[in-house]
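# Secondary and tertiary structure notes
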Amino acid sequence: MGVKLGILGLGTVGTGTVQLLQDMVGRNPLLQEIEIYRVGVRSLDKIRNVELPAQVLTTDLAAIVNDPAVDIVVELMGGLEPARSLILKALNHGKHVVTANKAVIARFGAEIFTTANQAGVYVMLEAAVGGGIPVIQPLKQSLSVNRINTVTGIINGTTNYILTRMQTEGSNFSDVLADAQRLGYAEADPTSDVEGLDAADKIAILASLGFGGRINLEDVYCEGIRQVSKTDITYAEKLGFVIKLLAIAKKYTDSSDLSVRVHPTLVPKPHPLASINGVYNAILVEGEPIGQVMFFGPGAGAGATASAVTSDILNLVAVLKTSTANPNPLFTCAHQDYCQIAPITELVTRFYARFLTKDQPGVIGKLGTCFGNYGVSLESVVQTGFQGGLAEIVVVTHDVREGDFRKALAEIKNLEDIDSIPSLLRVL
Ligand SMILES: NC(=O)c1ccc[n+]([C@@H]2O[C@H](COP(=O)([O-])OP(=O)(O)OC[C@H]3O[C@@H](n4cnc5c(N)ncnc54)[C@H](OP(=O)(O)O)[C@@H]3O)[C@@H](O)[C@H]2O)c1
Ligand SMILES: N[C@@H](CCO)C(=O)O
Ligand code: NA
């Protein structure tokens, strides 16, 4: 008897997954055990890029997760509801679940994994982070004997694609976003990509796996890329950096607290993450004793994501074929305690800031004095441009506590000579 799949969603990822499953030659022979039994969609009238028997497609998704014949539910619909309820129903009916839905896992992971553990089934989510890049299973298995110190990632394909084209072609933000949507990289609502929320969901998942505890999504500091301008990209370039949306989870050396954050960051050009361009993602994991290991590959798109989804399905087929009495602890997620996440004001980092000031003598000195009052030391100060009669001054600081830097900025904002501070970015 074959293993019966109930797939929820036949959009970019669902279509890619069905295409992969319908084209088995040269792939793992275990795939031949799989039957696409039901596929749930919103509309039966839409033209699809795959052919499926008429009785397979349905708009009754609840019937799929309740159907005793379905062995594995593959949730590829996205969004919070009804995805969350359908996943929970599937688990409660004793079905394994594969999902690409980082939004649901980052918010309802505790509820979902507890339900799965109680039901004695697995929830697999390789596609949820880094698209096609194997990173979930390596963190759960191959690297799990390490003490992880830091996970630093470019984990949103859409924003990396946008920033890369803004940098290399000087393209306009909204044109490039439209291309990312057309290519199937962006979320149904691309705000979650652009505002950094998708990356925040993903780093919460990676931090949970890397540091062995639950993560409260509200504790993850998050800034998106809307504030990144062509001007900043040009200044960063001159100073030897590229701007990337980084997601970082790092253990403080002197406490058990974590820093978990997403923000545009100036990355030094020689750093391995600086050369990750377009829709590619990379996740740099640092641990003891392994040192540094980096995972690189396509972070979004139909085929790449289908590869991750189908590898999860294949793992479950193997489980179903070898039925064990006790669950495999390397497949489950049983964290009970929450990780303690430090507030962003405690972060120690370098900053890039761009000021528009009156073009008067002594402005740079006044800036330096304010920074000095709060122990902020400057690595470089550049004054090259003018904008609308205002002088443009760019500073890069040495490492500073974010709280102290913000106090200095509050004082600087009150200086008569300062018109505005259009950009404030962290430097890796
Ligand atoms: N796109 C990527 O590159 C990528 C990569 C990694 C992970 N993901 C994740 O994969 C999931 C799917 O993404 P996608 O890009 O494939 O989305 P998509 O193209 O928007 O497809 C969503 C599919 O789900 C169906 N659907 C949505 N809500 C439904 C509802 N309430 N009832 C019935 N059917 C419903 C839609 O049906 P209709 O076709 O009838 O409208 C559609 O087939 C998301 O969680 C996303 O975050 C995407
Ligand atoms: N919208 C997501 C899809 C992959 O998770 C991205 O651009 O990375
Ligand atoms: Na992945």
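Residues numbered from 1 in each chain as written. Chains lettered and ligands numbered in written order. Predicted model: local features only at pLDDT ≥ 70, side-chain atom pairs only at ≥ 80, totals over all residues. Heavy atoms only, no water.

### Observations regarding the overall build of the protein chain
A count of helical and extended segments in the protein chain gives 13 helices and 17 strands. The C-alpha radius of gyration of the protein chain comes to 24 Å, within 12% of the 22 Å expected for a compact globule of 428 residues. Structurally, the protein chain occupies a C-alpha span of about 80 × 45 × 35 Å along its principal axes. Burial statistics for the protein chain: of 428 residues in total, 54% are counted as buried. When the accessible surface of the protein chain is totalled, it reaches about 18000 Å², and 51% of it is carbon and sulfur. Once the 35 positive and 43 negative side-chain charges of the protein chain are each reduced to a mean point, those two points are 1 Å apart. (Helix = DSSP H or I, 4+ residues; strand = E, 2+ residues; numbered from the N terminus. Rg over C-alpha atoms; globule rule 2.2 N^0.38 Å. Buried < 20%, exposed > 50% of the residue type's maximum accessible area, 1.4 Å probe, protein only. Areas by Shrake-Rupley, 256 points an atom, 1.4 Å probe, with all protein chains shown as cover. Lys, Arg positive; Asp, Glu negative; His and termini not counted. Charge placed at Lys NZ, Arg CZ, Asp CG, Glu CD.)

### Concerning the nonpolar core
Judged by nonpolar contacts, the single largest core of 82 residues is most densely connected at Ile203 and Leu206. With nine residues, helix α9 (residues 197–211) is the largest single contributor of residues to this core. Setting aside anything within four residues of it in sequence, one finds Leu206 in contact with Val129, Val135, Ile136, Leu139, Val151, Ile155 and Ile283. Of all hydrophobic cores here, the second largest spans 32 residues; its members include Leu20, Ile72, Val74 and Ala127. (Core = buried A, V, L, I, M, F, W, Y, C linked by side-chain atoms within 4.5 Å. Contact = heavy atoms within 4.5 Å.)

### Quick word on the UniProt feature "binding site: L-homoserine" (unreviewed entry) in the protein chain
Summarizing the sequence annotation, UniProt attributes the feature "binding site: L-homoserine" (unreviewed entry) to Glu187 in the numbering used throughout. Looking at the element boundaries, Glu187 is found in the loop between α7 (173–182) and α8 (191–194). On the accessibility criterion, Glu187 (27% relative accessible area) is partly exposed. Ignoring any residue separated from it by four or fewer positions in sequence, one finds Glu187 in contact with Lys102, Ser192, Asp193 and Asp198. (UniProt positions renumbered as here; feature names shortened; annotations may be inferred.)

### What to know about the site of ligand 2
The local shell around ligand 2 consists of Lys102, Asn156, Gly157, Thr158, Tyr185, Ala186, Glu187, Asp193, Asp198, Lys202, Gly299 and Ala300. In the model, an oxygen atom of ligand 2 is placed 2.6 Å from a nitrogen or oxygen of the Thr158 side chain. The contact in question runs from a nitrogen atom of ligand 2 to an N or O atom on the side chain of Asp193, over 2.8 Å. The fraction of the free accessible surface of ligand 2 (260 Å²) that becomes covered by protein chains is 94%. Counting residues per element, the ones that place at least two in the shell around ligand 2 are α6 (157–169) and α9. (Near = heavy atom within 4 Å. Polar contact = N/O pair within 3.5 Å; in protein donor to acceptor, adjacent residues only side chain to side chain.)

### Focus on the sheet that holds strand β1 (residues 3–8)
Within the open sheet, the six strands sit side by side as β3-β2-β1-β4-β5-β6. Their pairing is parallel. This sheet does not close on itself; its edge strands, each paired only once, are β3 (57–58) and β6 (123–124). Note that strand β5 (residues 96–99) and β6 share two bridges and pair parallel. Note on β6: the bridge partner recorded for Val98 is Met124. Contacts between helix α3 (residues 83–92) and the sheet are confined to β1, β4 (72–75), β5 and β6, with β5 contributing the most and set at about 150° to the helix. Relative to the sheet, helix α11 (residues 302–321) contacts β1, β2 (34–40), β4, β5 and β6, its axis offset from that of β5 by approximately 165°. (Pairing = 2+ DSSP bridges. Axes fitted to C-alpha atoms, helices over the stretch in contact; angles between N-to-C directions.)

### Structural notes on the environment of Gln227
Among the secondary structure elements, Gln227 is positioned in the loop between β8 (221–222) and α10 (230–239). Separated by 169 residues in sequence, Gln227 and Thr58 place their C-alpha atoms 43 Å apart. Setting aside its immediate chain neighbours within four residues, Gln227 contacts Asp232, Pro264, Ser423, Leu424 and Leu425.

### Description of the coordination of the sodium ion (ligand 3)
Note on metal geometry: ideal angles are 109.5 degrees for four donors arranged tetrahedrally and 90 or 180 degrees for six donors arranged octahedrally. Protein-derived ligands of the sodium ion (ligand 3) are Glu126 (O), Glu126 (OE), Val129 (O), Gly131 (O) and Ile133 (O), with the metal-ligand distances lying across 2.3 to 2.8 Å. Donor residues binding the sodium ion (ligand 3) come from one chain and are separated in sequence as E-x2-V-x1-G-x1-I. Val129 sits in the buried class, given a relative accessible area of 0%. (Donors = N, O, S within 2.8 Å, 3.2 Å for Na, K, Ca; no water.)

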